[in-house]
Amino acid sequence: MTQPEDPHLDAAAYVLHALTPAEEAAFLNHLAGCEECRRNVAEFEATTARLAAVETAPLPPGLRTRVLDAAARTRQERRRPGAGGPSLTARGLRFALAASIVVAAGLGGVAAWQHSQADDARARATQTQQEARQAQDAITDVLTAPDATIHTGELSDGATAAVVVSRRQSEAVFTAQGLPALTGGKVYELWYAEPTGDLRAAGLLPGVGDRSARVLEGPLGDAVAVGITVEPPGGSLQPTSEPLGTVPISS
C-alpha cells in the first residue's frame, strides 16, 4: 500500500509552479481549509518576490541539462509503509530542483549586484576625485593669476570672507571661514553685484558650515561686490533673505 503524500509539502512547489495540473487542483482544494498552508504560501511568495526583484546573472550554459541528467541517474527512494524518516517523491524532487535553480539564480544575481555596486562605488569615487582636482586647479589658476587681487570682509555670526579677483581672466574665487551650519537642506548662495545694483547668481555653497571655497560661476564682468545669502535647497533666482555680508571688489 502506497503511503499518501503529505499535502503540506506542496506549498513551496505550488508557489514555484512545480505541480502538475492535477496536483495543483488537489493542493488548492486542501489550501482552502488549511490555515498553516496559507501562511506558508504567503511566506514563499514573499521570498520569491524578493528574489525576482534582484537583477540576476545569466545561468551557466548547460546547467539545466546537467541538473536533469544528475536527477535521472539518482535513485529516488520512497518511504516504506511504517518506516520512519522523510521520503523524496517525484513531486518533492521537482520542487527541490526548481528551488535549487531559483536559489542559484538569486545568488548569482546577488553576486552580480554586489559586483555592480562595487564598480559603481569605484566609479563615483574616481569621479569625485577628478571633480575635486578640477575644482582645485580652477581655484589655483585664479589665485596665481598675475593680476590677482584679494578683497576681504566680515560676515554675520563672526564669519569672515575673502574674494580673489582676476580681471584678466574674468574670474573670482570666494572663500569663507566660520560659516554656521544650516538646517533643512538650505544652502549658501553667492551673488555678483553689478554697478546698477542688480544681483547675478554666482553659485552655491553647501550648508555644512565652517570653511568653504569655490570659483564663482559666470563671468566677473563689471561686478563691484560679491554677496552671500541663505537660500532654500537648490538656490534661488533672486535672494530671498538678507545678505550675511558683502565683499567689495571694485578697488
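What counts, and at which threshold
- Residues numbered from 1 in each chain as written.
- Predicted model: local features only at pLDDT ≥ 70, side-chain atom pairs only at ≥ 80, totals over all residues.
- Heavy atoms only, no water.
- Salt bridge = Lys/Arg side-chain N within 4 Å of Asp/Glu carboxyl O.
- Helix = DSSP H or I, 4+ residues; strand = E, 2+ residues; numbered from the N terminus.
- Pairing = 2+ DSSP bridges.
- Axes fitted to C-alpha atoms, helices over the stretch in contact; angles between N-to-C directions.
- Disulfide = S-S within 2.5 Å.
- Buried < 20%, exposed > 50% of the residue type's maximum accessible area, 1.4 Å probe, protein only.
- Core = buried A, V, L, I, M, F, W, Y, C linked by side-chain atoms within 4.5 Å.
- Contact = heavy atoms within 4.5 Å.

Colleague: Sorry, what's going on with the pattern of salt bridges here?
Modeller: Close approach of charged atoms allows side chains of opposite charge to pair. According to the stated counting rule, one finds three salt bridges in the structure shown. One salt bridge connects Arg39 with Glu35, and the closest N-O pair in it is separated by 3.5 Å. With a gap of four residues between them, Arg39 and Glu35 both fall in helix 3 (residues 35–53), about one helical turn apart. A salt bridge links Glu194 to Arg200; the shortest N-O distance between them is 2.8 Å.

Colleague: How should the pairing of strand 3 (residues 171–179) be read in this particular structure?
Modeller: Remark: a regular strand shows side chains that alternate across the two faces of the sheet. As defined by bridge partners, strand 2 (residues 160–166) adjoins strand 3 across seven bridges and the pair is classed as antiparallel. When the sheet's bridge partners are listed, Val165 is paired in strand 3 with Ala172. In this structure, the hairpin formed by strand 2 and strand 3 is closed by a connection of four residues, where Ser170 is found at a positive phi of approximately 55 degrees. Pairing analysis gives five bridges linking strand 3 to strand 6 (residues 210–215), with the strands arranged antiparallel. Directly across from Val173, in strand 6, lies its bridge partner Val215.

Colleague: I tried to follow the sheet that holds strand 2 on my own but got confused; where do I start?
Modeller: The strands making up a sheet associate through hydrogen bonds between their backbones, and the pairing can be parallel or antiparallel. The four strands lie next to each other as 1-2-3-6, forming an open sheet whose pairing is antiparallel. Taken across any chain shown, the strands that pair with only one partner, and hence form the sheet edges, are strand 1 (149–154) and strand 6. When strand polarity is set aside, the average angle formed by the axes of neighbouring strands in this sheet is 15 degrees.

Colleague: What is the right way to read the state of the cysteines from this model?
Modeller: Throughout this description, disulfide means a covalent bond between two cysteine sulfur atoms. Within this structure, the stated rule accounts for zero disulfides. Here Cys34 stays free of any disulfide, with the sulfur of Cys37 as its closest cysteine sulfur at 3.5 Å. Given the relative accessible area of 9%, Cys34 is considered buried.

Colleague: How do you make sense of the nonpolar core when you look at a structure like this?
Modeller: In summary, soluble globular proteins display a tendency toward joint burial of nonpolar side chains. Ranked by internal contacts, the top residues of the largest apolar core, which has 23 residues, are Val163, Phe174, Tyr192 and Ile228. Those elements that provide at least two residues to this core are strand 2, strand 3, strand 4 (187–193), strand 5 (199–205) and strand 7 (225–231). Broken down by element, this core gets its largest block of residues, four residues, from strand 3. Non-local contacts of Phe174, meaning those with residues more than four positions away in its chain, are made with Ala161, Ala162, Val163, Leu190, Leu205, Ser212, Ala213, Arg214, Leu216, Val226 and Ile228. With 10 residues, the next largest nonpolar core counts Ala13, Val15, Leu31 and Val41 among its residues.

Colleague: In this structure, what is going on with the sheet that holds strand 7? I would like to understand it.
Modeller: A sheet is described by the order of its strands in space; here four strands give the open sequence 5-4-7-8, paired in antiparallel fashion. Only two strands of the sheet have a single partner each, and these edge strands are strand 5 and strand 8 (245–248). Within the sheet, the average angular offset between the axes of one strand and its neighbour, ignoring direction, is 25 degrees. In this structure, strand 7 lies alongside strand 8, joined through four bridges in antiparallel fashion. What sits directly across from Ile228, in strand 8, is Gly245.

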